[in-house]
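Structural features, examined
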Amino acid sequence: MLLGALLVGTFATTGLAQVTNNFETGDPGDGYPGSVQNGWADTWTTALGSNAGGNGFITVGPQVINTTPVTNGGNNYLNVGFANGDNNLIRRKYTSFADLDVVYTHIIEFDYRVDSWLPASGFTSTSDNVTIAGRPNISISSSDNRSTFFIKAMGANDSSLPLGKAARWNFYEGSATSSSESAGLFTNAAAPAFVIGRNYHFKIITDPTTKTYIGSVTDGTNTFTTQSLRWRNFVNTTSENDRTNATILYFASRTSTRTVQPAATETNIFSIDNVTINRLPFNDYPSRITQNSPATRAIHHPAASGMSFTVLTVGPTNTIPASGVVVNLNGTNISGLVLSGADTDTNRTVTVTNLAINTIYDGTIIVADGAGRKATNSFSFDTFVEADVTVIEAENYNFGPTNLCAVARTNHTTDGYLQNPVPSTYGITAMVYTNEVGGYVDRSGNVDASGASTPGVDYLDLTSPVTLSEYRFCDSMDTRTIPSAEYYRPAYTNSVVPDYTLEKIQAGEWCNYTHIFPATNYLVYLRVGARAAMQFQLSRVTSDRKQPNQTTVSLGVFNVPLGATKDIHTYKPLVDAFGTPLLLNLSGEQTLRLTSVNAGAGDDANVNFILFQPFNGVALPTLAQFSPGLNASNVPPQSDVRITIQNGSTPVSLGSIILKINGSNVTSSATITPTGNGASVTYLPATFFLTRSNYTVQIIYGDTSGNLQTNQWSFHVGTYLPGMPVRVNFQITNNVTPAGYLPDTSVPFGDRGNGFSYGWNKSMNQDSRSNNPAINSSPNTAVPPDLRYATFTHFNKSSPIGIWEITLPNGNYSVHAVSGDATAIDSVFKITVEGVLVVDGTPFHDASFDSNSLPNLSHWVEGTQSVALADGNLTLTTGGNSGTAAGGNNNKINFIDIIPLDFPPPDFSLHNPSANDSTFSFNISTINRALHIIEYKNALTAATWTTLTNIVGTGNPVTVNDNISASTNRFYRMRIP
């Protein structure tokens with residue numbers, strides 16, 4: 001952040017009010033406890049924790065002669081002590097000056113020293129800590145985690161996260177702190193050490209415009225500076241609304257309350273001095289931009305009204321020259337701005353008059369004042385004319401021919417849709433319908449042509465029954481009034497009825513929408529808000545829309561990036577798989593389906609409407625679907641290439657299609673089939689794709705008008721073969737990996753370099769163990785049967801709960817998992833795989849098995865279950881609340897065996913050997929399309945294998961002949977690359 005980079009240095013504050021507290025005796029506001037004056041809003045006050053009793057606060061002397069200065073030349077200082085307490089604190093509220101208002105950037109400086117921690121054992125317990133913070137003017141409770149800045153040092157022997165490293169100063173980033181001594185928040189060095197008796201000078205710069213701060217601490221020799229850090233907020237939230245500007249300077253202490261000698265308690269004695277709080281000078285601030293019209297994200301703004309905004313300077317000598325005002329709309333610098341006033345003014349209004357109708361505008365306003373300081377404001381709005389576009393409300397999905405609700409309704413038709421619905425609603429208070437017949441309110445879907453209730457006709461909801469629906473009362477799809485941050489379309493404003501959205505959308509859920517489109521080309525947009533990155537797919541239904549099990553063809557996708565909240569709605573264009581906006585050719589009655597491809601936890605999005613904008617232009621054929629996908633990893637070697645091409649304004653020309661794999665033309669080996677909407681292309685290589693290899697696909701296609709398109713993408717092939725088990729052992733890094741297993745060394749998910757991608761949702765190094773006690777080493781230990789049982793990883797030893805995943809092809813698997821600990825039985829094991837409870841049991845110690853020959857398996861719980869994989873990542877978790885399945889506690893995982901069920905396991909053995917004087921023959925089983933390499937050695941000590949023959953499998957046994965004399969020894973092996 002440029003502002004942050006500028007603020008780290010020394011600042012001139014001449015002429016500005018500042019708050020100081022040097023604890024001098026001559027000024028009542030500057031001593032101890034001080035008074036309400038000179039910028040201070042109150043006096044120094046204290047609060048004692050629950051363990052403080054009556055002895056928690058000690059004033060060692062607010063006017064002590066500075067014989068041991070906090071800093072050089074300090075004179076008096078405040079010296080306080082907190083004894084045997086929990087979260088004791090001293091605090092003072094500042095800012096009663098107008099030009100020191102907290103809306104401006106602040107610089108807060110002070111000197112701090114911990115003088116002693118009694119008894120002599122000192123700052124050694126994990127319960128010992130000191131805290132310095134800027135608190136908002138709310139409560140001072142330890143449970144309130146809002147702070148503009150938050151600095152903490154903890155006692156020794158503490159390595160848990162996110163509390164930080166022991167005996168070091170840690171500056172919090174939001175609700176987390178530096179994860180290690182050398183990484184994280186500091187720009188120029190490791191986290192500074194905390195030393196009792198050492199003087200520290202702190203400088204904190206808070207920026208309310210970005211809700212960030214930069215902290216620095218000087219220990220007399222070195223200065224440690226943080227990066228730009230977020231203000232601290234409520235625990236486990238990222239909401240900007242939960243970050244509040246400080247008005248209170250806050251010093252706290254917590255002691256562990258240990259009694260290490262008779263009648264002794266711990267007391268933290270610390271000193272503070274030279275407190276100054278001032279603001280960056282007015283003239284160092286850029287101008288303020290207030291966008292007046294339209295408001296950002298406004299919809300259907302009249303283009304003729306133009307747009308306008310106001311620029312205000314902050315400093316008294318700043319000016320706004322016309323040359324410093326730049327407006328970019330959709331990437332273009334707009335000329336012809338109209339500015340009120342003169343270049344020397346400090347308040348100017350800017351007007352843009354040349355807006356086009358039926359346009360989505362994304363723009364930025366950049367204003368540089370006379371000194372070159374810049375301010376930027378981003379915005380978006382549209383100028384759609386309702387009569388020019390087709391809008392399909394997300395809540396207006398198809399309905400059935402009859403009403404199956406408990407309350408009889410009369411607004412159903414055999415058509416199952418309304419061509420021109422009007423806004424409708426039901427007033428719950430007055431119990432009155434508005435536009436019931438002409439709108440979709442209270443119509444029920446999923447009723448087939450015969451009038452029977454049939455799921456999967458008009459919508460698919462995976463979370464029935466509905467928790468609350470405010471519009472389609474009889475359906476399980478969740479419909480809600482649009483959030484207050486969203487704008488109403490004119491039709492709803494004119495009808496004085498609320499608008500609605502679809503909410504709580506799970507991955508795989510969909511709704512059908514039928515409409516008669518005038519024959520033309522359309523740009524398509526989804527009006528949506530999301531708090532997680534996700535994707536929605538638009539498809540055309542190609543079978544009877546009034547019956548279940550409908551067939552569809554993809555038209556494109558809406559990519560929705562991560563947003564701060566699902567209540568902030570924006571437009572997302574329909575794009576192809578490469579992110580290129582699509583132009584759809586639609587004509588006549590069409591049933592379109594909106595499907596959530598990956599909607600996260602199911603409450604991450606609000607969908608308002610789909611907008612179709614007529615567009616003059618040629619709709620080219622597009623790549624609607626293809627697999628393997630763009631940059632797909634660990635693709636099964638036996639995969640084929642499948643491509644669906646969608647017609648544009650004119651049909652796809654089959655003769656124009658050319659398919660290349662790694663530059664080789666394979667069109668003649670591909671199957672090209674016309675469809676009602678375009679064409680499909682399928683290519684099955686004669687042999688498997690090579691494992692651990694990259695492949696590039698290029699497809700060239702055109703329409704009957706001669707328009708050609710080219711798309712290209714790549715994918716990576718993994719090591720997975722049909723039927724081959726995948727076995728993973730959970731261990732620490734320096735453990736020996738059991739034979740046949742992949743090692744998991746507790747690192748975050750990623751490509752492990754062995755052909756597989758797997759790992760955890762965080763680093764689990766601190767939660768992995770290797771427990772392999774000697775036989776009968778203690779009464780309550782057990783002997784692991786082998787190395788697999790001797791190592792494990794905790795799921796919920798630290799926060800957040802551990803979740804482990806491995807990328808595998810979708811299909812059915814038998815999963816065998818083992819949980820246990822050779823040295824402890826303090827667990828209840830409940831482990832789920834893809835939501836299926838696989839491990840379920842409680843370990844115990846069976847003393848009858850304690851011998852030098854028999855392992856004691858009572859310490860381990862094993863389970864085997866069949867699971868279905870549908871999302872490409874097999875997920876292993878403890879599930880349930882607080883990271884445990886129902887009744888689970890202290891969960892651990894030793895190893896896991898994942899065995900595919902959709903293919904028989906490969907048979908690599910040799911069958912029916914026979915020999916004569918010159919030939920040795922044997923049979924091998926083969927996997928269809930797999931390359932089988934038969935190799936031999938005349939001695940096992942030989943350095944290399946020699947290839948005898950290569951065979952492309954057919955799925956049937958094959959005979960292998962080797963010319964060899966009867967006196968020769970030969971060793972054979974078969975491998976599939």
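This one's a predicted model, so the numbers in the text were calculated from it and none came from an experiment.

Scanning the chain from N- to C-terminus turns up 3 helices and 64 strands. Per-residue burial for the chain yields a buried fraction of 51% across its 977 residues. Relative to all contacts within the chain whose residues are 6 or more apart in sequence, the contacts with residues 24 or more apart total 69%.

Here the focus is the pattern of salt bridges. When charged atoms on two side chains of opposite charge get close, those side chains can pair. Tallying each qualifying case throughout the model produces 22 salt bridges. The residue Arg373 makes a salt bridge to Asp369 at a minimum N-O spacing of 3.1 Å. Owing to a relative accessible area of 3%, Asp369 belongs among the buried residues under this scheme. Taking the shortest distance from any N to any O, the salt bridge between Glu589 and Arg545 comes out at 3.8 Å.

Next up on the list: the pairing of strand E10 (residues 200–207). Where burial is concerned, most of E10 is hidden: 7 out of the 8 residues are buried. Where strand E6 (residues 106–118) meets E10, 7 bridges bridge the pair, whose relative direction is antiparallel. The partner of Ile107 across the bridge, within E10, is Ile205. Judged from the 7 bridges that link them, E10 and strand E11 (residues 212–218) form a sheet pairing that is antiparallel.

Let's shift gears to unusual backbone geometry. The omega angle of the peptide bond from Ser627 to Pro628 is -5°, so this bond is cis rather than trans. Relative to the elements of secondary structure, Pro628 occurs in the loop between strand E36 (622–627) and strand E37 (632–635). For Asn330, which is not glycine, the phi dihedral falls at a positive 50°. The phi angle at Asn549 is positive, at roughly 55°, despite the residue not being glycine. Along the polypeptide, Asn549 turns up in the loop between strand E31 (534–541) and strand E32 (552–560). A relative accessible area of 74% means that Asn549 is categorised as exposed.

With that settled, the discussion passes to the side chain of Thr501. In this structure, Thr501 sits in strand E29 (residues 500–503). We classify Thr501 as buried; its relative accessible area is 0%. Dropping the residues within four chain positions of it, Thr501 is found in contact with Glu395, Asp478, Thr479, Arg480, Ile482, Pro483, His569, Asn606, Val607 and Asn608.

This part takes up the packing of aromatic side chains. Evaluation of the coordinates by the stated rule reveals 45 aromatic pairs. Geometrically, the ring pair formed by Trp44 and Phe251 is tilted, given 6.4 Å between the ring centres and 40° between the ring planes. Residue Trp44 is found in the loop between strand E1 (19–21) and strand E2 (45–47), and its partner Phe251 is found in strand E14 (residues 248–254); the two are separated by 207 residues along the sequence. The same class applies to Trp44 and to Phe251, which are both buried. Geometrically, the ring pair formed by Tyr426 and Tyr433 is tilted, given 4.5 Å between the ring centres and 50° between the ring planes. Through pairs of rings, three or more aromatic residues link up here, namely Trp40, Trp44, Phe110, Tyr112, Trp169, Phe171, Phe194, Tyr200, Phe202, Phe251 and Phe270. It is Arg113 that lies over the ring of Tyr77; its NZ or CZ is 5.7 Å from the centre. A cation over a ring is seen here: Arg593 above Trp510, with NZ or CZ 3.5 Å from the ring centre.

This part covers the confidence of the model for the chain. Here the chain averages 82 in pLDDT, while 82% of its residues score no lower than 70. Confidence scores differ between elements of the chain, with helix H1 (residues 2–7) showing the lowest mean pLDDT of 26 and strand E40 (residues 664–665) the highest of 98. Counting interchain partners and residues more than four positions distant, the pLDDT-below-50 stretch residues 258–264 has 12 contacts.

Our next topic: the sheet that holds strand E7 (residues 129–135). Strand pairing within a sheet occurs via backbone hydrogen bonds; the two strands may be parallel or antiparallel. The sheet built from 6 strands is open, its strands ordered E2-E5-E14-E7-E8-E9 with antiparallel pairing. The two strands at the open ends of the sheet, each matched to only one other strand, are E2 and strand E9 (170–171). Summarising the sheet, strand E5 (residues 88–93) and E14 pair through 6 bridges and their orientation is antiparallel. Across the sheet, Arg92 pairs through a bridge with Leu249, a residue of E14.

Within the fold, Tyr417 resides in the loop between strand E24 (390–393) and strand E25 (425–427). Accessibility expressed as a relative area gives 9% for Tyr417, which makes it buried. It is 9.8 Å that separates the C-alpha atoms of Tyr417 and Asn512, two residues lying 95 residues apart in sequence. Within the local environment of Tyr417, its side chain forms a polar contact with the side chain of Glu589, the two groups lying 2.8 Å apart.

Before going further, it helps to examine the pairing of strand E39 (residues 652–661). Remember that side chains alternate between the two faces of the sheet whenever the strand is regular. Pairing of E39 with strand E43 (residues 693–703) involves 6 bridges; the strand directions are antiparallel. When the sheet's bridge partners are listed, Ser653 is paired in E43 with Gly702. The pairing of E39 with E40 spans 2 bridges and is antiparallel. Counted as the bridge partner of Ile661 is Ser664 from E40. In this structure, the hairpin formed by E39 and E40 is closed by a connection of 2 residues, where Asn662 is found at a positive phi of approximately 50°.

Pairing within the open sheet is antiparallel, and its 3 strands lie in the order E49-E50-E57. The sheet terminates laterally at strand E49 (768–770) and strand E57 (892–893), the two strands that pair on one side only. For E49 and strand E50 (residues 791–794), the ladder comprises 3 bridges, and the chain directions are antiparallel. Bridging from a neighbouring strand, Arg769 pairs with Phe792 of E50.

Another aspect to go through is the environment of Thr823. On the secondary structure map, Thr823 appears in the loop between strand E52 (811–820) and strand E53 (829–833). Taking the relative accessible area as the measure of exposure, Thr823 reaches 37% and is therefore partly exposed.

Further remarks concern the nonpolar core. As a rule of thumb, nonpolar side chains are buried together in soluble globular proteins. Counting 40 residues, the largest nonpolar core has Tyr112, Trp169, Phe202 and Phe251 as the members making the most contacts within it. Only strand E4 (78–83), E6, E7, strand E8 (150–154), E10, E11, E14 and strand E15 (267–279) provide two or more residues apiece to this core. The element best represented in this core is E6, accounting for 5 residues. In terms of nonpolar packing, the next biggest core, distinct from the first, is built from 32 residues, Ala532, Met534, Leu574 and Leu582 among them.

Turning our attention to the side chain of Ser253. For Ser253, the location among the structural elements is in strand E14. When its relative accessible area of 2% is taken as the criterion, Ser253 is described as buried. There is a polar contact of 2.7 Å between the side chain of Ser253 and the side chain of Asn268.

Along the chain, Ser125 turns up in the loop between E6 and E7. Owing to a relative accessible area of 14%, Ser125 belongs among the buried residues under this scheme. Separated by 30 residues in sequence, Ser125 and Gly155 place their C-alpha atoms 5.0 Å apart.

So, how was this worked out
- Residues numbered from 1 in each chain as written.
- Predicted model: local features only at pLDDT ≥ 70, side-chain atom pairs only at ≥ 80, totals over all residues.
- Heavy atoms only, no water.
- Helix = DSSP H or I, 4+ residues; strand = E, 2+ residues; numbered from the N terminus.
- Buried < 20%, exposed > 50% of the residue type's maximum accessible area, 1.4 Å probe, protein only.
- Contact = heavy atoms within 4.5 Å.
- Salt bridge = Lys/Arg side-chain N within 4 Å of Asp/Glu carboxyl O.
- Pairing = 2+ DSSP bridges.
- Phe/Tyr/Trp six-rings, centres within 6.5 Å; stacked < 30°, edge-to-face > 60°.
- Lys NZ or Arg CZ within 6 Å of the ring centre and 35° of its normal.
- pLDDT = per-residue confidence, 0-100.
- Polar contact = N/O pair within 3.5 Å; in protein donor to acceptor, adjacent residues only side chain to side chain.
- Core = buried A, V, L, I, M, F, W, Y, C linked by side-chain atoms within 4.5 Å.

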